[in-house]
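# Analysis of the macromolecular model
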Amino acid sequence: MFTPDAQYCQMMCTFHPRCLLFSFFPASSTNDITKRFGCFLKDSVTGTLPRVHRTNAVSGHSLKQCGHLISACHRDVYEGMDMRGVNFNVSKVKSVEECQKLCTNNIHCQFFTYATQMFGNARYRNDCLLKQSTTGTPTSIKMVNNVISGFSLKPCALSEFGCRMNLFQHTAFSDTDVARVITPDAFVCRTICTYHPRCLFFTFHTNAWNTESQRNVCFLKTSQSGTPSSFTPQEKTISGYSLSTCKKTFPEPCLSKIYSGVDFHGEELNVTFVKGESVCQETCTKTIRCQFFTYSLLPEDCKGEKCKCFLRLSSDGSPTRITYGVQGSAGYSLRLCKTEDSSVCTTKIDARIVGGANSSRGEWPWQVSLQVKLTSQSHLCGGSIIAPQWVLTAAHCFDGIPFSDVWRVYGGILFLSEITKETSFSHIKQLIIHEKYKVSETGNDIALIKLQSPLNFTEFQKPICLPSKEDNTVYTNCWVTGWGFNKEKGRLWRPLSLGHHQLG
């Protein structure tokens, strides 16, 4: 592929499922015009490759496992560089900023080139060319005076489209398939669609699909209009949209959920004995080539407290097949998951809406709704995600209802009205109420919920930011969030910043 600099090449390597190392050839590094601005993505069984000297060439590692450094956002623009691809739209604009904004707000645009007022041919001055390619990167790059090129800022969450979060049960989208992958659910399918350069929407065949070879198949799709041309009622399917046009927040490529009773098939990388599925996932994450894993609980695969952890990979980063009803569990590496230090969290909190303003999706991603399902279902309490499998809430929520099997935990929700019988939720595995809590008293009103399975973190569902032990900052503002009434005798509304006050 071709990229304008080594940094963009490194980003492409980071998000490629097999790439561990890369080499970038700037124009000054080669006389071969076909290799200028070439970005070469490389894999290695050992994680290293022999070094060969080449003047001005740049090589390095992917940023897999590098936490907060992982980002698909690239804001740089490049003067004197024409990034070539399929030109599908041309318009007159006043500046490169306006051209980049047009690209960001065009559903098909991946990169652009702007001809400045100094461009040699007066006919093309101030032209903004919106471009695309099958890979999302330029098909070639040429040095041209008085032009500026750059990329769409959709991955920077600056698109004005906004998210289309709905998942359509028992509905199939038509139009052109750009790829197909195997995924355990529609949420993973949506994440893969979001990071695919051409995917705009998808249709997922569930495990109950009639044709065995198409079970768990995620069809990534596109269309000329940018939307599906038809919605076809189809049992055992789920359809939805890419989240690449989300505004203010962009979903992470992090897939943290572990699936019980499931086996992810793929190329065998290694087999090791570990204690527990979470340790198996951690082992996969620390093994940089590992993409997904299966933890077996079969008697013949266990020795004492430890069982076999199968570390696996594939050409596209997804399982080649998924088997259900097995003794064990499966999941993905966390090598693309972001980590945040306390200073980053503090910045995010300072930028949040306060003073009773309405909330937007992803503004309070740790907020969950705790609901009880008896003869009917209702929202009773809120809670905060503090870890993949833990939620913090109030002990009084469980007064008279200490039964874990009647509770449902919903994350990533903005409107309570979004919740239907098809909406996914988490079950409670363990309920821990403060040992000194008493119904008749106000103190010690705190409880911990352990979920049956870890949550799949996204920009709309992730843990609350907590200061580190070394953080001595004195915090003077606090926010209360949750679902309340929008007016007296009103109806339950969306997550709301109820107010803030100075701490005494």
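Residues numbered from 1 in each chain as written. Predicted model: local features only at pLDDT ≥ 70, side-chain atom pairs only at ≥ 80, totals over all residues. Heavy atoms only, no water.

### A few points about the overall build of the protein
When its secondary structure is counted, the protein shows five helices and 27 strands. Burial analysis of the protein (504 residues in total) assigns 47% to the buried set. The contacts of the protein with a sequence gap of at least 6 include a subset with a gap of at least 24, amounting to 72%. (Helix = DSSP H or I, 4+ residues; strand = E, 2+ residues; numbered from the N terminus. Buried < 20%, exposed > 50% of the residue type's maximum accessible area, 1.4 Å probe, protein only. Contact = heavy atoms within 4.5 Å.)

### A closer look at a nonpolar patch on the surface
Among the surface-exposed residues, Ile-386, Leu-392, Ile-446 and Leu-466 lie close enough to one another that they form a single nonpolar patch of about 310 Å² accessible area. The topology assignment puts Ile-386 in strand S21 (residues 377-387). Ile-386 sits in the partly exposed class, given a relative accessible area of 30%. (Patch = residues over 30% accessible without salt bridge, like charges linked within 9 Å, V, L, I, M, F, W, Y side chains within 5 Å. Areas by Shrake-Rupley, 256 points an atom, 1.4 Å probe, with all protein chains shown as cover. Salt bridge = Lys/Arg side-chain N within 4 Å of Asp/Glu carboxyl O.)

### Thoughts on the sheet that holds S21
Note on sheets: strands pair through backbone hydrogen bonds, and any given pair is parallel or antiparallel. Here we have six strands laid out as an open sheet, ordered S23-S20-S21-S22-S25-S24, and antiparallel in their pairing. Each of the sheet's edge strands pairs with one partner strand only, and the pair in question is strand S23 (407-411) and strand S24 (428-433). Neighbour to neighbour, the strand axes of the sheet diverge by 35 degrees on average, direction disregarded. (Pairing = 2+ DSSP bridges. Axes fitted to C-alpha atoms, helices over the stretch in contact; angles between N-to-C directions.)

### Observations concerning the confidence of the model for the protein
Here the protein averages 85 in pLDDT, while 86% of its residues score no lower than 70. This model gives residues 340-356 a pLDDT under 50, and the stretch forms 33 contacts once residues within four places in sequence are excluded. (pLDDT = per-residue confidence, 0-100.)

### Examining unusual backbone geometry
Positioned with a positive phi, Ala-157 is a non-glycine residue whose angle comes to about 60 degrees. Assignment of secondary structure puts Ala-157 in the loop between strand S8 (140-151) and strand S9 (168-173). The class for Ala-157 is buried, based on a relative accessible area of 6%. Here the phi dihedral of Asn-216 falls at roughly 65 degrees; this positive angle occurs in a residue that is not glycine. Note that Asn-216 resides in the loop between strand S11 (201-205) and strand S12 (217-222). Under the relative-accessibility criterion, Asn-216 is labelled buried at 1%.

### So, the packing of aromatic side chains
Evaluation of the coordinates by the stated rule reveals 17 aromatic pairs. Three or more aromatic residues link up through ring pairs in this structure, and these residues are Phe-168, Phe-173, Phe-201, Phe-231 and Tyr-241. A cation over a ring is seen here: Arg-164 above Tyr-241, with NZ or CZ 4.0 Å from the ring centre. (Phe/Tyr/Trp six-rings, centres within 6.5 Å; stacked < 30°, edge-to-face > 60°. Lys NZ or Arg CZ within 6 Å of the ring centre and 35° of its normal.)

### What to know about the sheet that holds strand S3 (residues 58-61)
Spatially, three strands are ordered S2-S1-S3 in an open sheet, and the strand pairing comes out antiparallel. Of all the strands in the sheet, just strand S2 (38-42) and S3 have a single pairing partner and so form its edges. Here the strands of the sheet are splayed against their neighbours by 15 degrees on average, with no regard to which way each runs. Strands in contact with helix H1 (residues 6-15) are strand S1 (21-25), S2 and S3; relative to S1, the strand with the most contacts, it is inclined by about 150 degrees.

### What about the pattern of salt bridges?
Any two side chains of opposite charge can pair, on the condition that their charged atoms come close. For the structure on display, the rule yields 14 salt bridges. One salt bridge connects Lys-131 with Asp-82, and the closest N-O pair in it is separated by 2.9 Å. With a gap of 49 residues between them, Lys-131 in strand S7 (residues 127-132) and Asp-82 in strand S4 (residues 77-84) connect regions that are remote in the sequence. With respect to class, Lys-131 is no different from Asp-82; both count as buried. Within the structure, one salt-bridge network assembled from shared partners comprises Arg-18, Asp-43, Glu-267 and Arg-289.

### Things to note about the nonpolar core
Core analysis: the largest hydrophobic core is formed by 24 residues, its most contacted members being Leu-370, Ile-385, Trp-407 and Ile-449. Going through the elements one at a time, strand S20 (367-373), S21, S23 and strand S25 (447-451) are the ones with two or more residues in this core. Those residues in contact with Ile-449, other than ones at most four positions away along the chain, are Leu-370, Gln-389, Trp-390, Val-391, Thr-393, Phe-398, Ile-428, Gln-430 and Leu-431. Core analysis: the second largest hydrophobic core is formed by 18 residues, Phe-2, Ala-6, Phe-24 and Met-81 among them. (Core = buried A, V, L, I, M, F, W, Y, C linked by side-chain atoms within 4.5 Å.)

### Describing the environment of Lys-154
Relative to the helices and strands, Lys-154 resides in the loop between S8 and S9. Judged by relative accessible area, which is 6%, Lys-154 ranks as buried. Separated by 45 residues in sequence, Lys-154 and Cys-109 have C-alpha atoms that sit 9.4 Å apart.

### Section: helix H4 (residues 277-286)
Each full turn of the α-helix corresponds to 3.6 residues, which orients residues three or four apart in the same direction. Buried within H4 we find Cys-280, Gln-281, Cys-284 and Thr-285. Each buried residue of H4 lies within a common arc of 140 degrees when the element is viewed along its axis, so the set occupies one face. Those residues of H4 that are buried lie in contact with strand S14 (258-265), strand S15 (267-274), strand S16 (292-296), strand S18 (306-313) and strand S19 (321-332). (Arc of directions from axis to C-beta.)

### So, the state of the cysteines
Tallied over the entire structure, the rule returns 13 disulfides. The side chain of Cys-13 participates in a disulfide bridge whose partner is Cys-19; the two sulfur atoms lie 2.0 Å from each other. Of note, the bridge from Cys-13 to Cys-19 carries an S-S torsion of about -95 degrees and is left-handed in sense. Sulfur-sulfur distance for the disulfide between Cys-381 and Cys-397 comes to 2.0 Å. One quick way to see it: the torsion about the S-S bond of Cys-381 and Cys-397 is about -105 degrees, and its sign makes the bridge left-handed. In this pair, Cys-381 is assigned in strand S21 and Cys-397 in the loop between strand S22 (390-393) and S23, connecting sequence segments 16 residues apart. Residue classification places Cys-381 among the buried positions, given a relative accessible area of 9%. Cys-397 sits in the buried class, given a relative accessible area of 6%. (Disulfide = S-S within 2.5 Å.)

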